[in-house]
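# Structural description and commentary
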2 protein chains.
Amino acid sequence: MTPAEQYAYLTKGCVDVVREADLRRKLGSSADGGRPLHVKVGFDPTAPDLHLGHTVLIRKMKHFQDLGHTVVFVIGDFTALIGDPTGRSKARPPLTREEIDANAETYKAQVFKLLDPDRTVVDFNSRWLGALGSEGLIRLAARYSVAQMLERREFRQRYDEGRSITIHEFLYPLAQAYDSVYLETDVELGGTDQLFNLNVGRDIMPSYDLPAQVVLTTPLLVGLDGVEKMSKSANNYVGITEPPDDMFGKLMSIADPLMWPYYTLLTDRSEPEIAALRDAVDSGARHPKAVKAELAATVVADFHGTTAARDAAAEFERRFARKSLPSAVPEHPVAIPADGLRLTRLLVDCGFAPSAAAAGRLIRQGSVRLDGERVEDPWRSVAPAATPFVLQVGKRRVARVVPAPAAADSPPADSPAFPG
Amino acid sequence: MTPAEQYAYLTKGCVDVVREADLRRKLGSSADGGRPLHVKVGFDPTAPDLHLGHTVLIRKMKHFQDLGHTVVFVIGDFTALIGDPTGRSKARPPLTREEIDANAETYKAQVFKLLDPDRTVVDFNSRWLGALGSEGLIRLAARYSVAQMLERREFRQRYDEGRSITIHEFLYPLAQAYDSVYLETDVELGGTDQLFNLNVGRDIMPSYDLPAQVVLTTPLLVGLDGVEKMSKSANNYVGITEPPDDMFGKLMSIADPLMWPYYTLLTDRSEPEIAALRDAVDSGARHPKAVKAELAATVVADFHGTTAARDAAAEFERRFARKSLPSAVPEHPVAIPADGLRLTRLLVDCGFAPSAAAAGRLIRQGSVRLDGERVEDPWRSVAPAATPFVLQVGKRRVARVVPAPAAADSPPADSPAFPG
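Quantities reported herein were computed from a predicted structural model and do not represent experimental measurements.

### Overview of the confidence of the model for chain A
Residues and elements named next belong to chain A. Summarising the model, chain A shows a mean pLDDT of 88, and 93% of its residues fall at 70 or more. When pLDDT is averaged over each element of chain A, strand 6 (residues 214-218) comes out on top at 97 and strand 13 (residues 397-405) at the bottom at 80. In this model, residues 410-420 is a region of pLDDT below 50 whose contacts with residues beyond four sequence positions or in other chains number 12 contacts.

Written out as structure tokens, the structure reads:
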């Protein structure tokens with residue numbers, strides 16, 4: 001790729017590029033001189049269980065790596081070892097060295113699904129921030145002003161509202177900035193919420209006789225609901241260790257327009273490629289569901305390989321597209337008396353309810369489905385001549401019921417309980 | 001002394017006592033349990049040439065020491081080693097270890113004129129602040145808020161006026177406060193301009209499970225002019241290494257009302273004793289000059305001993321009170337022709353001017369005095385029958401001229417140059 005093509009590819013989907021001219025120049029001189037850019041990303045080693053929202057940033061690292069640049073993955077263990085020294089935040093207890101190392105290993109195992117381990121440098125910032133000493137930290141703190149720090153929106157708001165900002169909170173962005181000094185970073189990547197911190201690195205580097213790093217931020221990924229940002233707490237996420245079928249199914253559940261940002265942020269497709277897909281859908285040349293399935297298969301392949309992705313696509317077709325049932329649903333043969341069998345009784349028989357009364361409550365709550373249709377009548381019965389059908393309670397309890405006429409001498413069914 | 005008497009003596013002349021009840025309690029429990037209080041004073045090792053203004057604080061240390069308490073003299077070498085890391089202040093270049101040690105020795109030599117060396121602990125705060133490390137400094141910075149720091153008047157003004165405050169400036173008061181934590185200080189002394197910094201120590205100590213230190217501030221000493229604070233730059237000071245005669249003379253030059261704050265801040269007299277002196281002056285029982293001479297002798301004795309003080313007092317009486325001359329002025333016998341000797345010629349003869357022309361310029365500048373009277377006529381001559389007189393140029397060049405008639409056969413004097 002030419003530097004101009006690199007620029008377009010690397011800034012795809014990004015929110016901030018500080019500054020465009022600097023990045024173009026760095027890409028140009030890297031292409032001329034052959035020196036790869038040093039691309040730094042910092043990670044907090046406290047939450048190693050990643051979802052697709054986290055992969056937006058990791059994929060941006062991958063794009064730099066794909067173009068031959070050097071990616072440095074900085075584990076922010078220095079601040080993690082300290083935690084929140086005020087003790088006010090329960091979310092930031094200090095971590096032990098062992099916990100940090102274990103989290104780092106988990107991190108690596110996850111990010112190396114996207115990144116090339118052989119071309120990724122993993123480092124720990126306690127190495128240089130610890131060595132800085134109290135004296136070095138004071139010298140570092142001399143490079144930034146209180147007024148500059150209070151420009152950060154969060155600090156400004158807290159200050160204006162009279163909420164306390166402790167002074168060590170001013171030191172953390174500087175410590176992160178020093179990572180860039182130590183590593184002589186050319187480009188730092190981060191989420192858009194990190195823009196201020198990344199710019200602190202940019203600001204202080206010239207005072208260390210280094211060129212200011214370029215700052216590139218990626219957006220927050222919208223969750224499956226299309227409304228809130230993807231997060232565990234909003235339960236609108238796809239974890240990167242989830243099984244292929246779950247991943248595929250979750251991705252197929254998104255609204256069609258959400259495909260486009262997902263294509264941009266969760267795949268390596270270039271903007272022109274994505275625009276072509278979009279045109280195909282808009283003109284009716286391709287069905288949106290097929291294009292969405294292509295997205296889902298691409299994402300699943302990243303984490304589970306192409307075979308698993310193809311299998312997941314086929315399974316999805318069976319389960320949902322043809323409205324057929326999962327192939328793994330257990331069969332449940334049932335002998336049905338000539339006058340029929342109460343559904344409440346059948347639910348107990350399948351092990352889906354502890355009593356007919358409880359089964360009646362399930363029906364009236366709307367939790368019970370026959371062949372996907374909600375049952376509304378708690379007195380409903382099943383006839384002996386019925387064809388096999390799928391009985392479901394909620395999402396988890398599913399059985400394929402295969403009715404057969406009961407033998408005439410079979411004991412009478414228990415008198416049906418009054419349901420509910 | 002009872003704790004109440006100690007309290008009165010120790011707070012004599014002080015500006016702030018934070019808080020009175022705490023100091024009374026600490027003095028009480030020290031008297032009960034016999035444990036001496038830890039009294040800390042910090043000094044910046046950059047300006048070791050002390051004047052009487054600095055002794056106000058050192059004398060307050062002495063008073064604690066006289067009452068049996070332990071005085072810790074903290075040399076702030078940690079920040080001195082760093083200097084001003086922004087490089088903007090030429091007044092705060094970093095010092096080398098050797099410079100700091102040399103300054104510390106000079107300091108000690110000077111303060112031990114007042115303090116008892118055997119009961120004074122001298123320590124260097126780099127010992128514990130260096131060991132704190134970057135991590136420890138962050139934990140320290142977590143104990144104070146940005147808003148608290150901006151309450152300091154100097155910071156507030158700079159912030160409001162848009163002048164830069166760099167973040168390390170917030171760390172220095174905390175570093176000084178940590179001295180008190182490390183030393184488990186009971187009382188910290190300082191100049192009134194240090195009140196904020198001393199209170200930071202008071203504020204953070206409880207978070208280290210230590211009782212808050214008492215803060216005691218001494219005022220700035222007014223200089224000899226009675227207007228500005230005593231300082232080298234205002235040239236209204238008395239250096240503590242100045243010779244006894246100079247010290248005595250300078251102290252006698254102050255206006256009478258300035259005696260009373262000087263008695264309070266520069267001697268060990270108690271307030272009742274000083275009030276009695278003042279009454280004696282007010283009632284006419286004692287002459288103010290005699291009471292001032294007593295002050296001057298007391299101060300000189302502190303730095304040069306009582307014999308030197310007595311000698312200085314006697315010398316002062318000779319030189320100024322009786323308007324006689326300093327006994328050490330060299331005699332200069334001069335043969336004067338019958339028609340007199342030009343003063344310009346005499347000045348050359350005494351070695352006070354390189355030429356008669358230069359001597360004439362000195363007269364016209366008003367620099368030449370005969371018996372203390374300024375000479376205005378550059379053509380003035382001295383008669384052979386004149387009695388001995390004192391010839392002065394400026395303050396430094398003084399001679400007692402003893403005229404004698406020239407022998408008749410002596411060669412004629414050079415023809416006098418046209419003066420100037």
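From this point, the discussion proceeds with the structure in view.
### Here's the deal with the sheet that holds strand 2 (residues 38-43) of chain B
Two orientations exist for strands paired in a sheet by backbone hydrogen bonds: parallel and antiparallel. Residue and element names in this part refer to chain B. Here six strands make up an open sheet; going across it, the order is 1-6-5-2-3-4 and the pairing mixed. Every other strand in the sheet has two partners, leaving strand 1 (16-18) and strand 4 (120-124) as the edge strands with one partner each. Averaged over neighbouring strand pairs, the angle between their axes works out to 20 degrees when direction is ignored. Across three bridges, strand 2 lies against strand 5 (residues 187-191) in parallel orientation. Of the residues in strand 5, the one forming a bridge with V41 is L189. Of the strands in this sheet, strand 2, strand 3 (70-75), strand 4, strand 5 and strand 6 (214-218) touch helix 3 (residues 52-66), which is tilted by about 160 degrees from strand 5.

### What to know about the packing of aromatic side chains
Considering all chains together, one arrives at 17 aromatic pairs over all chains under this definition. Aromatic pair F43(B) and F73(B): ring centres 4.6 Å apart, planes at 20 degrees, arrangement stacked. Of the two residues, F43(B) is situated in strand 2 and F73(B) in strand 3; the sequence distance between them amounts to 30 residues. Overall, the relative accessible area of 9% leaves F43(B) in the buried class. When the centroid spacing of 6.1 Å and the interplanar angle of 20 degrees are considered together, the rings of W260(B) and Y263(B) count as stacked. One end of the pair, W260(B), and the other, Y263(B), are both in helix 12 (residues 259-266), three residues apart, so they sit about a helical turn from each other. Accessibility expressed as a relative area gives 0% for Y263(B), which makes it buried. Every member of this aromatic cluster is reached through a ring pair, and the members are F43(A), F73(A) and Y107(A). Sitting over the ring of Y208(B), R143(B) keeps its end group 3.7 Å from the ring centre.

Conventions used here
- Residues numbered from 1 in each chain as written.
- Chains lettered and ligands numbered in written order.
- Predicted model: local features only at pLDDT ≥ 70, side-chain atom pairs only at ≥ 80, totals over all residues.
- Heavy atoms only, no water.
- pLDDT = per-residue confidence, 0-100.
- Helix = DSSP H or I, 4+ residues; strand = E, 2+ residues; numbered from the N terminus.
- Contact = heavy atoms within 4.5 Å.
- Pairing = 2+ DSSP bridges.
- Axes fitted to C-alpha atoms, helices over the stretch in contact; angles between N-to-C directions.
- Phe/Tyr/Trp six-rings, centres within 6.5 Å; stacked < 30°, edge-to-face > 60°.
- Buried < 20%, exposed > 50% of the residue type's maximum accessible area, 1.4 Å probe, protein only.
- Lys NZ or Arg CZ within 6 Å of the ring centre and 35° of its normal.

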